[in-house]
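Residue-level structural notes
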Amino acid sequence: MTTELIEHLESGVLTLTLNRPERLNALTVPMTDALLDALRRAAVDTKVRAVLLSGAGRGFCAGGDVKAMADDEDANRTLESRTLQLREHMECSRLLREMPKPTIAVARGAVAGAGLSLALACDLLIASDTVKLTSAFVKVGLSGDFGSTWFLTQLLGPRARAFALLSPVVKAEEALAMGLVTRVVPDAELDAEGLALAVQLAAGPSITLGHIKANLNVAEQGATLAEALDHEAIRHIRCGMTEDHLEAAHAFVEKRAPKFVNR
């Protein structure tokens, strides 16, 4: 257990708060271990219907802890052991992207390095008007982790090269125009906006949302049209066999809001 990650489950929303505000929530091994464990549990816990990722204080996450890097705390470890640990930690990004539940990041202030990777791994990224996004890796002599190059290429296409190589600092409205964030809101409204969106998704048809994510992941990973159609067909029929689909159809006919039960 660590106080560097705070977990709170309410109304089907698991809120995970990176909690090192004095260091702009720079990632440590205990924090990342805790985040990975929480995401693994969330992926299979039926009580969790959406995940909300946030950072305590005035920044979302400044990436890795540069002070620890400067102290070279891993100097005596082998390349293989260091690589294995990092690759395991990077599963956080895959889980945020691929778990069959909506994931939302709410970000203010600094969103840099691996912090940017984690934010972009989420299905939706709600940004404060104070947000500042940057790759930052090149500035500390690193090539990038937690899916940075994959997410940037998905979102920016050829422009990802300039973003990664030059590491500009991108503010809220420019980030919105570039497609890096989903929505920009006033800083005072960020937490409420993010939670409201997470609650909305948690109240939705969870099985269907999971299949939508799976279809999108297939498309992102380079499926042909025929392959995408195959996946869509079986998932569409599967969703049509759920109680939630039948409830939604009845609610539509009866002109009322549906009540989903995740079956």
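**Quick word on the overall build of the chain**
Secondary structure assignment for the chain yields twelve helices and nine strands. The C-alpha radius of gyration of the chain comes to 19 Å, within 12% of the 18 Å expected for a compact globule of 263 residues. In terms of its C-alpha atoms, the chain occupies a principal-axis envelope of roughly 65 × 40 × 35 Å. Expressed as a percentage of its 263 residues, the buried residues of the chain come to 44%. Considering only contacts within the chain whose residues lie at least 6 apart along the sequence, 69% involve residues at least 24 apart. Here the chain has roughly 13800 Å² of accessible surface; of this, 59% comes from carbon and sulfur atoms. Within the chain, the 33 negative side-chain charges are centred at a point lying 2 Å from the centre of the 28 positive side-chain charges.

**Brief notes about helix α12 (residues 243–253)**
Buried within α12 we find Asp244, Glu247 and Ala251. One side of α12 carries all its buried residues, which in axial view fall inside an arc of 60 degrees. What points out from α12, more than 90 degrees from its buried face, is the exposed set Phe252 and Val253. Directly after α12, the chain includes lysine 255, whose backbone phi takes a positive value near 55 degrees.

**Notes on the sheet that holds strand β5 (residues 110–112)**
Two orientations exist for strands paired in a sheet by backbone hydrogen bonds: parallel and antiparallel. Spatial strand order, β5-β7-β8: three strands in an open sheet with mixed pairing. Because the sheet does not close on itself, it has two edges, and the strands there are β5 and β8 (170–171). Pairing of strand β7 (residues 132–134) with β8 involves two bridges; the strand directions are antiparallel. What sits directly across from lysine 132, in β8, is lysine 171. Together, β5 and β7 form the strand contacts of helix α5 (residues 114–121), whose direction differs from that of β5 by roughly 90 degrees.

**Brief notes about unusual backbone geometry**
The backbone phi angle of serine 11 is positive, close to 55 degrees, even though this residue is not glycine. By secondary structure assignment, the location of serine 11 is in the loop between β1 (5–10) and β2 (13–18). At phenylalanine 146, a position not held by glycine, the phi torsion is positive, near 55 degrees. In this fold, phenylalanine 146 is placed in the loop between β7 and α6 (148–156). Looking at phenylalanine 146, the relative accessible area reads 5%, which means it is buried.

**Some points on the packing of aromatic side chains**
Under the defined criterion, the tally for this structure stands at one aromatic pair. Arranged with centres 5.4 Å apart and planes meeting at 85 degrees, the rings of tryptophan 150 and phenylalanine 151 form a pair that is edge-to-face. With a relative accessible area of 35%, tryptophan 150 lands in the partly exposed category. For phenylalanine 151, a relative accessible area of 4% corresponds to the buried category.

**Topic: the sheet that holds β2**
With respect to topology, six strands assemble into an open sheet ordered β1-β2-β3-β4-β6-β9, the strand pairing being mixed. Every other strand in the sheet has two partners, leaving β1 and β9 (183–185) as the edge strands with one partner each. Across the sheet, the axes of successive neighbouring strands diverge by a mean angle of 20 degrees, strand direction being ignored. Both strand β3 (residues 50–55) and strand β4 (residues 103–107) contribute to a ladder of three bridges, which runs parallel. Counted as the bridge partner of leucine 52 is isoleucine 104 from β4.

Reading the values: the criteria
- Residues numbered from 1 in each chain as written.
- Predicted model: local features only at pLDDT ≥ 70, side-chain atom pairs only at ≥ 80, totals over all residues.
- Heavy atoms only, no water.
- Helix = DSSP H or I, 4+ residues; strand = E, 2+ residues; numbered from the N terminus.
- Rg over C-alpha atoms; globule rule 2.2 N^0.38 Å.
- Buried < 20%, exposed > 50% of the residue type's maximum accessible area, 1.4 Å probe, protein only.
- Contact = heavy atoms within 4.5 Å.
- Areas by Shrake-Rupley, 256 points an atom, 1.4 Å probe, with all protein chains shown as cover.
- Lys, Arg positive; Asp, Glu negative; His and termini not counted.
- Charge placed at Lys NZ, Arg CZ, Asp CG, Glu CD.
- Arc of directions from axis to C-beta.
- Pairing = 2+ DSSP bridges.
- Axes fitted to C-alpha atoms, helices over the stretch in contact; angles between N-to-C directions.
- Phe/Tyr/Trp six-rings, centres within 6.5 Å; stacked < 30°, edge-to-face > 60°.

In short, the description is geometric, and any link to function would need to be established separately.
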